[in-house]
Amino acid sequence: MMPTCPLCAAEDAPHFHRDARRDYHRCRRCDLVFVPPAFRLSAAEERAVYDQHQNSPHDPGYRRFLSRLHAPLCERLAPRARGLDFGAGPGPTLSVMFEEAGHPMAIYDPFYAPDASVLDATYDFITASEVVEHLFAPGETLARLAAMLPPGGWLGLMTKRAGDREAFARWHYILDPTHVAFFSEATFRWLAESLDMSVEFPAADVALLHKPAR
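In this report, we go over the structure that sits alongside the text. Because the structure is a prediction, the values reported are computed rather than measured.

### Focus on empty space enclosed by the protein
For the structure shown, the criterion picks out 1 cavity of 30 Å³ or more. Of the pockets and cavities examined, the largest cavity occupies roughly 30 Å³. Lining the largest cavity are Pro 6, Phe 34, Val 35, Arg 40, Leu 135, Phe 136, Val 180 and Ala 181. The residue inventory of the lining of the largest cavity, partitioned by class, reads 7 nonpolar, no polar and 1 charged.

What follows is the structure, encoded as C-alpha cells:
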C-alpha cells in the first residue's frame, strides 16, 4: 500500500527514491517528497541529533544564513509587529535578530522551549527556519500556524527545495536522518492555495506565505 501524504493526506504517493537507509515517496497532488513512518527516528534519537547543533546568535555566519529569511520578512512587517519563532532549536537566534529590529518575539521548540501556551496566542508573523523538513505531520502543523495569524499576517519558512529524481538522489539534504519531508516550489504553491494564502520566494530556500487582509 502507498503511504498517505503527511501534507495533503492524498493516497497517491508512489515510490520515488531509495538509498541505503530509507525509502522516499513523492505525492502526485502536492509534490511533497516524504519518508514513510517506518523510517522515522524516535524522539530520543531526534533529540540526540539536535543536541549536536551549535547554533548561536553570536555566530556571524549563522546570522548571515538566517538573514535570507529575516531581511525580506522585516521589509514586509509593520513596526513592532509581534512574532513567534517556531522550532527555535537549542540556540535561538532568529528571534534575537527580530527583537533587535524592534519586533517582540515568542519562541517555541518541542525539545528546547516546550511551553505550548505560546501556541494559544496570535501573532503578526511566524517563522520556521530549517523546521518543516523535520515535521512528521506538516499538514496539521502548518495549518495550525496559519490559523494563529490574523488577516495580513505572514508565515516565513526556510528549507532547501527538492528537485527532480536525479538531483534528489545526489542531494546532501537527505543524508540527515531527521529530515523526513522535502518541499518543492510546487509544494509551497499547493500549500498556499490550501491555506488561502499567497506565496512568494524572495531568496534562496525562502518561502513567504501571506494571509490576505480583510
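The rest of the description comes next.
### A short note on the nonpolar core
Of all hydrophobic cores here, the largest spans 38 residues; its most connected members are Leu 84, Ile 126, Leu 142, Leu 155, Leu 157 and Leu 209. The contacts of Leu 155, once residues within four sequence positions are left out, are Ile 126, Leu 142, Leu 145, Leu 149, Met 197, Ala 207, Leu 208 and Leu 209. Ranked by size, the runner-up nonpolar core spans 16 residues in total, among them Leu 77, Phe 98, Trp 154 and Met 158.

### Notes on the side chain of Arg 26
Of note, Arg 26 is situated in strand 2 (residues 23-26). Residue classification places Arg 26 among the buried positions, given a relative accessible area of 14%. At a separation of 2.9 Å, a polar atom in the side chain of Arg 26 contacts the main-chain carbonyl oxygen of Gly 163. Once residues within four sequence positions are removed from consideration, Arg 26 is found in contact with Asp 12, Ala 13, Pro 14, Phe 16, Asp 31, Leu 32, Val 33, Ala 162, Gly 163, Asp 164 and Ser 184.

### A short note on the sheet that holds strand 4 (residues 83-86)
A sheet is described by the order of its strands in space; here 6 strands give the open sequence 5-4-6-7-10-9, paired in mixed fashion. Taken across any chain shown, the strands that pair with only one partner, and hence form the sheet edges, are strand 5 (105-108) and strand 9 (198-200). Strand-to-strand twist in this sheet, taken as the mean axis angle between neighbours without regard to direction, amounts to 20°. By the bridge criterion, 4 bridges tie strand 4 to strand 5 in an arrangement that is parallel.

About the cut-offs
- Residues numbered from 1 in each chain as written.
- Predicted model: local features only at pLDDT ≥ 70, side-chain atom pairs only at ≥ 80, totals over all residues.
- Heavy atoms only, no water.
- 1 Å grid on protein atoms, 1.4 Å probe; cavity = no way out; pocket = protein on both sides within 12 Å on 5 of 7 lines; lining within 4 Å.
- Points joined across faces, edges and corners; volume = space filled by probe spheres on them.
- Nonpolar A, V, L, I, M, F, W, Y, C, P; charged D, E, K, R; others polar.
- Core = buried A, V, L, I, M, F, W, Y, C linked by side-chain atoms within 4.5 Å.
- Buried < 20%, exposed > 50% of the residue type's maximum accessible area, 1.4 Å probe, protein only.
- Contact = heavy atoms within 4.5 Å.
- Helix = DSSP H or I, 4+ residues; strand = E, 2+ residues; numbered from the N terminus.
- Polar contact = N/O pair within 3.5 Å; in protein donor to acceptor, adjacent residues only side chain to side chain.
- Pairing = 2+ DSSP bridges.
- Axes fitted to C-alpha atoms, helices over the stretch in contact; angles between N-to-C directions.

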